[in-house]
Amino acid sequence: MDETLVTLVKEATSQEVFSVWFLIGAALVFWMQAGFAMVEAGFTRAKNTGNIIMKNLMDFCIGTVVFIAIGFGLLMGEDLFGFIGKPGFDLFTSYENFDFSSFVFNLVFCATTATIVSGAMAERTKFLSYCIYSAVISALIYPIEAHWIWGGGWLAGLGFHDFAGSTAIHMVGGISALIGAKILGARIGKFTKDEKGKIVKVNAFPGHNIAIGALGVFILWFGWYGFNGAAATSLPQLGSIFLTTTVAPAVATVVCMIFTWIKYKKPDVSMCLNASLAGLVAITAPCDVTDVTGAIVIGAVSGLLVVFGVWFLDYVLRIDDPVGAVAVHCLNGIWGTIAVGLFATPSAPGYSIADADGNVMAGLFYGGGFKLLGIQLLGFVTVAGWTAVTITIAFFIIKAVIGLRVAREEELSGLDSTEHGLPSAYAGFAMLPEYIEENPEEAVTGDVPSDEAVEVAKVKPVAVAGDVPVAEAVEVKKMPAFSSDGHKYTKVEIICKEAKFESLKSAMMKLGITGMTVSHVLGCGVQKGKPEYYRGVQIEANLLPKIQVDIVVSKVPVRDVIETAKKVLYTGHIGDGKIFVYDVENVVKVRTGEEGFDALQDVE
């Protein structure tokens, strides 16, 4: 076979293979919607899970409708003055010649931008308002700035580089999230204020299901190989992109783990999950133009930047971001944009960064000087400015017309029931409530009566490990005595962990006690001197599920009951339980009318 023909066949085959991979990559990016939904649901409270799932579903569905109508034309249409694409309806008028792959690929990217905003504004946003601003982002804000970068616009002409969207997607979504969360205000109880209205304390709202959140992170990481790699045009380039897309988030997570371990005395689970995403966001722009050294540095900075971002929003800006969307997407989107100007190296496979005259540009740390860095900074400033202005206008219009935030009662009840008529996203599971003292200065409008309490979703209790004497682990308190007639009757009240009940019941029966009253109760306590943290915020004492066992004895020695209970319940940890002992004046069996000693004969 002619050598030229062989080469043509290989090129055609390679083109077909990468065309298929392009669509597979688009499918992986679509799958990331599930990841975003799981992260947001897991990092927030159970009473809003259905609302969060619905929002993430509608991001893509509404985005598809408006992208067909106008978004795709503004993004990929014929360039008009370097600012926007020319709107058109080729999808309808020239379907046989339409670039289907390009449409699907750009659509899934567009939907991602709107999804980012959801997390920062979670748990207090009207669903209708969310649908409207999601449509605005997908129809206008994202397509226009993305045209500047990917559609042949003015930034592309300068040589600005954002391979997969640190700027166009993540920074834009992150800035929109920041502004939206600021205008919306914090969740009720997030910040404690003094009598003058000054914030004096930040309160933690731990996510109700970190396991689901972690699943979401793994889904996103998996999808990111398509997010970053789908546009690769050669196997070496694809391999290099996969490498940098793996290294940066891994390093970011390790750095975050070490930092939080040092700062908070324990490695923070949710913060490390955020760090993985932060590393992925930061490497998105330079994934095709940096080497492994650059990926390591980019990831290390991301791991610290995400912790700083969460702290900065809580303690400086006083903005409530339940899932860390701003720290992950806004700050690391900016960092990834700048990183191109620092770490771009012509040694990367398929390197193609060049200025308007075709001159190859490299990063500052690879001998390229400040030119590429300056272009990247210009792109960051202009895209950030466009996003900030347009999304602010959109939010204020929505707020003025229909409102952004749900009513106070709706927020406290949960958006599942009030916005969607869904009693619970976890039908069949008993979700125990937790009560915290509501900040007397804070509500949707800033005023909540100090004598009211806020019911919030149950959070996972913090296990306190330790090795303490049994006398401290299971306290025994003797209550004031009452007069008794004839026999002595004693009530022993035992508060213990749910997991210990069966062992306690068996031990009591061996003593001859067959009758007891058992109740589910909630207990509150925190070990002094050993604060626990969630995302850098100290956790207050939480209500934890306990079992209360009431036993009345006369014939069985009280000391035997106490010692047996202590032996069964003891683990050496704070929180093993408490035992209260009361003198009882009389015992009456309702069924037979027997009183005193006789009333106890069939239960001890």
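To be clear, the structure that these remarks concern was listed above.
My aim in this report is to walk through the structure given alongside it, one point at a time.

Here the structure, examined in full by the defined rule, presents 14 salt bridges. Among the ionic pairs, R408 bridges to E409, the shortest N-O distance being 3.8 Å. Exposure remark for R408: the relative accessible area of 18% places this residue in the buried category. Via salt bridges that share partners, R45, E123, R187 and D320 belong to a single interconnected network.

A word on the environment of I70. With respect to the helices and strands, the residue I70 is situated in helix α2 (residues 49–76). Residue class for I70 comes out partly exposed when judged on its relative accessible area of 30%. A sequence separation of 18 residues divides I70 from G88, and the C-alpha atoms of the two residues are 7.7 Å apart. If sequence neighbours within four positions are ignored, I70 has contacts with A139 and L140.

We now examine the state of the cysteines. Tallied over the entire structure, the rule returns zero disulfides. Of all cysteine sulfurs in the structure, the one in C272 sits closest to C256, which takes part in no disulfide; the separation is 4.2 Å. With a relative accessible area of 0%, C256 lands in the buried category.

With respect to burial, strand β8 (residues 489–497) is a largely interior element, seven of its nine residues being buried. Of the strand pairs in this sheet, β8 and strand β13 (residues 577–584) are connected by eight bridges, and their pairing is antiparallel. Within β13, the position partnered with K491 by the bridge is Y582.

This paragraph deals with helix α11 (residues 292–317). Taking 1.5 Å as the rise per residue, α11 with 26 residues should run 38 Å; its terminal C-alpha atoms sit 35 Å apart, in good agreement. For α11, the N-terminal cap is D291; the gap from its side-chain oxygen to the backbone nitrogen of T293 is 3.3 Å. After α11 finishes, the residue R318 shows a positive phi value of roughly 60 degrees.

A separate point is the packing of aromatic side chains. Evaluation of the coordinates by the stated rule reveals 28 aromatic pairs. With a centroid separation of 6.5 Å and an interplanar angle of 45 degrees, the aromatic rings of F89 and F92 are classed as tilted. Taking the relative accessible area as the measure of exposure, F92 reaches 58% and is therefore exposed. Residues W311 and Y315 carry aromatic rings whose centres are separated by 6.4 Å and whose planes lie at 20 degrees to one another, so their mutual orientation is stacked.

Another aspect to go through is the packing of helix α10 (residues 269–284) against helix α12 (residues 325–343). Where α10 meets α12, the axes come as close as 8 Å, and the angle between the chain directions of the two elements is 35 degrees. For the crossing formed where α10 meets α12, the hand is right-handed. Within the contact between the two elements, α10 uses N274, L277, A278, V281 and A282 and α12 uses V328, H329, N332, G333, W335 and G336.

Okay, the packing of helix α4 (residues 100–120) against helix α7 (residues 166–184) next. Packing of α4 against α7 brings their axes to within 8 Å, and their N-to-C directions diverge by 30 degrees. Judged by the inter-axis angle, α4 sits roughly parallel to α7. Note on packing geometry: the crossing formed by α4 with α7 is right-handed. Facing F109, T112, T113, I116, V117 and A120 of α4, the residues of α7 in contact are A168, I169, H170, V172, G173, G174, S176, A177 and A181. Here the contact of α4 with α7 is composed, by residue class, of nine nonpolar, six polar and no charged.

Another aspect to go through is α7. In an α-helix, one full turn covers 3.6 residues, which means residues spaced three or four apart are oriented alike. For α7, which comprises 19 residues, the first-to-last C-alpha distance of 25 Å matches the rise-based estimate of 27 Å (1.5 Å per residue) to within 8%. In terms of burial, α7 is a largely internal element, 17 of the 19 residues being buried.

Bringing unusual backbone geometry into the picture now. Backbone geometry places K265, a non-glycine residue, at a positive phi of 75 degrees. As for its placement among the helices and strands, K265 is situated in the loop between α9 (235–264) and α10. Looking at K265, the relative accessible area reads 65%, which means it is exposed. Phi is positive for R318, close to 60 degrees, though the residue is something other than glycine. When you line up the elements, R318 lands in the loop between α11 and α12. For R318, a relative accessible area of 29% puts it in the partly exposed group.

Thresholds, definitions, all that
Residues numbered from 1 in each chain as written. Predicted model: local features only at pLDDT ≥ 70, side-chain atom pairs only at ≥ 80, totals over all residues. Heavy atoms only, no water. Salt bridge = Lys/Arg side-chain N within 4 Å of Asp/Glu carboxyl O. Buried < 20%, exposed > 50% of the residue type's maximum accessible area, 1.4 Å probe, protein only. Helix = DSSP H or I, 4+ residues; strand = E, 2+ residues; numbered from the N terminus. Contact = heavy atoms within 4.5 Å. Disulfide = S-S within 2.5 Å. Pairing = 2+ DSSP bridges. Expected span 1.5 Å × (residues − 1). Polar contact = N/O pair within 3.5 Å; in protein donor to acceptor, adjacent residues only side chain to side chain. Phe/Tyr/Trp six-rings, centres within 6.5 Å; stacked < 30°, edge-to-face > 60°. Axes fitted to C-alpha atoms, helices over the stretch in contact; angles between N-to-C directions. Left-handed = near helix turned anticlockwise from the far one by under 90°. Parallel < 35°, antiparallel > 145°, perpendicular 65-115°, else oblique. Nonpolar A, V, L, I, M, F, W, Y, C, P; charged D, E, K, R; others polar.

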